[in-house]
Amino acid sequence: MKAISKLALGVAFATFAAASPFASAAMVQITQTTLNWSNVVGGINITYNNPNDSYTDVRWGMPNLPFGPQSGLGFDPVSPPAQSYATDSIFLLGNLRHYNNPTLGPSALSVDLSLLTSVSDATPMQQEFSFRFFIDETPNQIPCAYPSDVPCSDKITFQNLDLSSSFLVDGMAYTIELLGFSGDGGQTLETSFISQEKESNTIGLYARITEATPIPEPGSLALIGIALGAFAVSRRREKAASA
């Protein structure tokens, strides 16, 4: 490879590396979290963001009894008050509640939860993080798909929607990544939550503050492309010269 090709590649990869530096543990203080439920897929009679004591609920379904309760989800964030967390450590983001009530009509399949989070000494000081919950509302008929005290329990799973949404602290970009459900204070984490029928079931929702997924600058991508192109031309010339 010619010297100019080595130099171009070196500059390109140095630029790319500079765009995603390694971060040591830092302390991040979350002062406030406000939430918004949206985008229910499936279900009927949907109502969003209903206050319920410390929880904010999304509800759906036609009760199978007059004046009976709907099914739905509720979330109660830990902050406020302000809480400080070390980056890459597991912490309780809040408590998720599933209102597993018998209803009629189509079942809700999924719903999105957005958390507008305020972070001390961060840029921006507020950032939104979005997660999706999938609800497997099973028919209440034996055999049940999941372990059930009363036929039949449902299952809740989740998905991180955007790990590039971030805030800057001391020049480093961080995001909030949802890790799993836990009923034992975060000692064990599960990717799903089995919710018993005819109950309001609550589980801890755990997360971590970690480096955001880097999105390379357009200039960095262009430089890498030029360098790789120069490398390919150099290889072709070497092969032609040795033929």
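Look up a bit, the structure's there.
Basis of the calculations
Residues numbered from 1 in each chain as written. Predicted model: local features only at pLDDT ≥ 70, side-chain atom pairs only at ≥ 80, totals over all residues. Heavy atoms only, no water. Disulfide = S-S within 2.5 Å. Pairing = 2+ DSSP bridges. Helix = DSSP H or I, 4+ residues; strand = E, 2+ residues; numbered from the N terminus. Axes fitted to C-alpha atoms, helices over the stretch in contact; angles between N-to-C directions.

1. Quick word on the state of the cysteines
Thinking step 1. By the definition in use, this model includes 1 disulfide.
Thinking step 2. Between the sulfur atoms of Cys144 and its disulfide mate Cys152 the distance is 2.0 Å. Given an S-S torsion of about -75°, the disulfide between Cys144 and Cys152 has left-handed geometry.

2. Here's the deal with the pairing of strand β15 (residues 199-211)
Thinking step 1. With 10 bridges joining them, strand β7 (residues 90-100) and β15 adopt antiparallel strand pairing. If you follow Leu96 over to β15, its bridge partner there is Ile203.
Thinking step 2. Judged from the 8 bridges that link them, strand β13 (residues 172-182) and β15 form a sheet pairing that is antiparallel. Across the sheet, Glu177 pairs through a bridge with Arg208, a residue of β15.

3. A word on the sheet that holds β13
Thinking step 1. Reading across the sheet, the 7 strands line up as β2-β3-β5-β7-β15-β13-β12 and stay open at both edges, with antiparallel pairing between neighbours. This sheet does not close on itself; its edge strands, each paired only once, are β2 (47-52) and β12 (167-169). Neighbour-to-neighbour, the strand axes of the sheet open up by a mean angle of 35°, direction not taken into account.

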